[in-house]
Amino acid sequence: MFARRLFDFPSVGWRHPFADFDRLSRQMDQLTQRMMGRPGLAWQPARVFPAINLTEDKGNFYVRAELPGFKADALEISVTGKNLTITGERKTAPEGEKIRYHRKERDAGKFSRVIGLPADVDADNVAAKMVNGILTITIPKAEKAKPRQITIN
Amino acid sequence: MTDLKELQVKNKQEVAGPAEQTRPGIVFTPEVDIFEDERQITLLADMPGVAPEDITIDLNDSVLSLTGEVKPFKDDDEKNVIVEFEIGRYARQFTLSEAIDQSKIEAKLDDGVLRLTLPKAEKAMPRQIAVTAGYPPYKVS
């Protein structure tokens, strides 16, 4: 009763000392959800170029990256252990003398990224293809990393 | 030979326009380079994942609209492990200030980069104006 008189805010009843922090934390959660989450998508921003999507099915891993304007011979892909390394570069060549730029948003430069794969892979059968600026790398899983069906007797 | 700089991750920009899209899905703005020389304006747009038959280029009233459709990349029985970029259509509009010869516009799609060549109309090409020296109207004696 003594405490009630001291902490008598009109809007919020005094439930426990950190009620305000709870409300703040819930509001911050909602804010980040709205900024970063979209329903059904676990979105982690990439820190190193390029952004990749790693997916898997029973037999393979698939790594996809958006690399428009990168020629296939300017890319190097290698697999060592459980690490996939992608290196490449792109030049936006100047087209001629006497040109005036109105806008330049596309970057030129180089990149190198190592991606750790979640399971052992068969490094001898990795395939990569580049279609319309999307690089797709198919990495077969090692035999012992494939799921094994267990029958019940 | 200068060293190429490291490329940085750029998050794809979503279209934040006043008009709502009629179809569900995310729409991104492709990055473009626009430059011109004396005879034409060239536009290069990064649209990875768009096939040549899925691009629409419209020029109405000096507003140039680019739209690119993207087919989903993965099969349905693949599960996501890491997702760092999203998949969506590309759309961007530009207002052209110069007169363009519309019958001679060329478009080429290579490796996900659209190259649009817009030749300037004849009357918009810069004409050299020769400056002749003017003689003073009086003689200095």
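A quick note: this is a predicted structure, and the numbers were derived from the prediction, not measured.

Undergrad: Give a detailed account of the overall build of chain B, specifying residues and quantitative values.
TA: Across its full length, chain B holds 0 helices and 10 strands. Its helices and strands in sequence order give chain B the pattern β-β-β-β-β-β-β-β-β-β, from N to C terminus. Each of the 141 residues in chain B was classed as buried or not, and the buried ones make up 23%. A sequence separation of at least 24 residues applies to 53% of the contacts in chain B between residues at least 6 apart.

Undergrad: Give me the interface of chain A and chain B: which residues, what numbers.
TA: Taken together, the contacts link 46 residues of chain A with 38 residues of chain B. Put simply, the parts of the chain that give the side of chain A that touches chain B at least two residues each are β1 (52–56), β2 (60–66), β5 (100–104) and β6 (109–116) of chain A. A class-by-class count of the residues in the side of chain A that touches chain B yields 20 nonpolar, 10 polar and 16 charged.

Undergrad: Tell me about the confidence of the model for chain A, and please be specific about residues and values.
TA: Across chain A, the average pLDDT comes to 80, with 80% of residues at 70 or higher. Put simply, helix α1 (residues 2–6) of chain A is where chain A has its lowest mean pLDDT, 52, and strand β8 (residues 134–140) of chain A is where it has its highest, 93.

Undergrad: Pulling in residues and values, what's your account of the sheet that holds strand β3 (residues 75–80) of chain A?
TA: Residues and elements named next belong to chain A. With antiparallel pairing, the 3 strands of this open sheet are ordered in space as β3-β4-β6. In the strand order of this sheet, the two ends are held by β3 and β6, each with one partner. Each adjacent strand pair in this sheet contributes to an overall mean axis angle of 10 degrees, direction not counted. Pairing of β3 with strand β4 (residues 83–90) involves 6 bridges; the strand directions are antiparallel. Each bridged residue has a counterpart across the sheet, and for Thr80 the counterpart in β4 is Asn83.

Parameters at a glance
- Counting of residues starts from 1 at the beginning of each chain's written sequence and follows it residue by residue.
- Chains and ligands are labelled by the order in which they are written, letters from A for the one and numbers from 1 for the other.
- Since the coordinates come from a predicted model, pLDDT governs what is reported: local features require at least 70, and pairs of side-chain atoms require 80 or more to be given and counted, while whole-chain, interface and lining totals use all residues.
- Numbering of helices and strands runs from the N terminus; a helix is a DSSP stretch of H or I covering at least four residues, while a strand is a stretch of E covering at least two.
- The exposure label follows from counting other C-beta atoms within 10 Å of a residue's C-beta, where the C-beta atoms are placed from the backbone and the thresholds are 20 or more for buried and 12 or fewer for exposed, leaving partly exposed in between.
- We call two residues in contact when the distance between their C-beta atoms, placed using the backbone, is within 7 Å.
- Each residue gets one label: Ala, Val, Leu, Ile, Met, Phe, Trp, Tyr, Cys and Pro are nonpolar, Asp, Glu, Lys and Arg are charged, and the others, such as Gly, are polar.
- For every residue, the predictor assigns a confidence score, pLDDT, that lies between 0 and 100.
- Note on pairing: DSSP must find at least two bridges between two strands before they are called paired.
- Axes here mean lines fitted to C-alpha atoms, for a helix over just the part in contact, with angles spanning 0 to 180 degrees between N-to-C directions.

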